[in-house]
Amino acid sequence: MRVLIVWIYNNTGRSVPAVVLFHAMDNVSVYVLFPDDGDGHYEPVVTAALTAAAAAIVTVLWGARTLDRFRYRH
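Residues numbered from 1 in each chain as written. Predicted model: local features only at pLDDT ≥ 70, side-chain atom pairs only at ≥ 80, totals over all residues. Heavy atoms only, no water.

Examining the packing of aromatic side chains
Line of reasoning, step 1. Enumeration according to the criterion identifies three aromatic pairs in this entry.
Line of reasoning, step 2. Centre to centre, the rings of Phe 70 and Tyr 72 are 6.1 Å apart; their planes meet at 75 degrees, and the pair counts as edge-to-face.
Line of reasoning, step 3. On the accessibility criterion, Phe 70 (29% relative accessible area) is partly exposed.
Line of reasoning, step 4. Counting every residue linked through ring pairs, the aromatic cluster contains Trp 7, Trp 62, Phe 70 and Tyr 72. (Phe/Tyr/Trp six-rings, centres within 6.5 Å; stacked < 30°, edge-to-face > 60°. Buried < 20%, exposed > 50% of the residue type's maximum accessible area, 1.4 Å probe, protein only.)

Section: the layout of surface pockets
Line of reasoning, step 1. Approximately 190 Å³ is the volume found for the largest pocket.
Line of reasoning, step 2. Listing elements by their share of the lining of the largest pocket, those giving two or more residues are helix H2 (16-33) and helix H3 (44-62).
Line of reasoning, step 3. Here the lining of the largest pocket is composed, by residue class, of six nonpolar, three polar and two charged. (1 Å grid on protein atoms, 1.4 Å probe; cavity = no way out; pocket = protein on both sides within 12 Å on 5 of 7 lines; lining within 4 Å. Points joined across faces, edges and corners; volume = space filled by probe spheres on them. Helix = DSSP H or I, 4+ residues; strand = E, 2+ residues; numbered from the N terminus. Nonpolar A, V, L, I, M, F, W, Y, C, P; charged D, E, K, R; others polar.)

Okay, here's the thing in structure tokens:
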């Protein structure tokens, strides 16, 4: 999650509100997508795997050093 937050911060002109919005959306989406009505469908392992995959994609495409330059820009 930290990689994604740094990436958003660097690529939105160092916008703190964008980072706050992303963090809030992450927190709220768990409750909206997986309401706790007794079933307990939420799996933290799946969420962690998806977040790690997104962070890996961002790191590969934007570079691990600063996360602010898209590598495949023409």
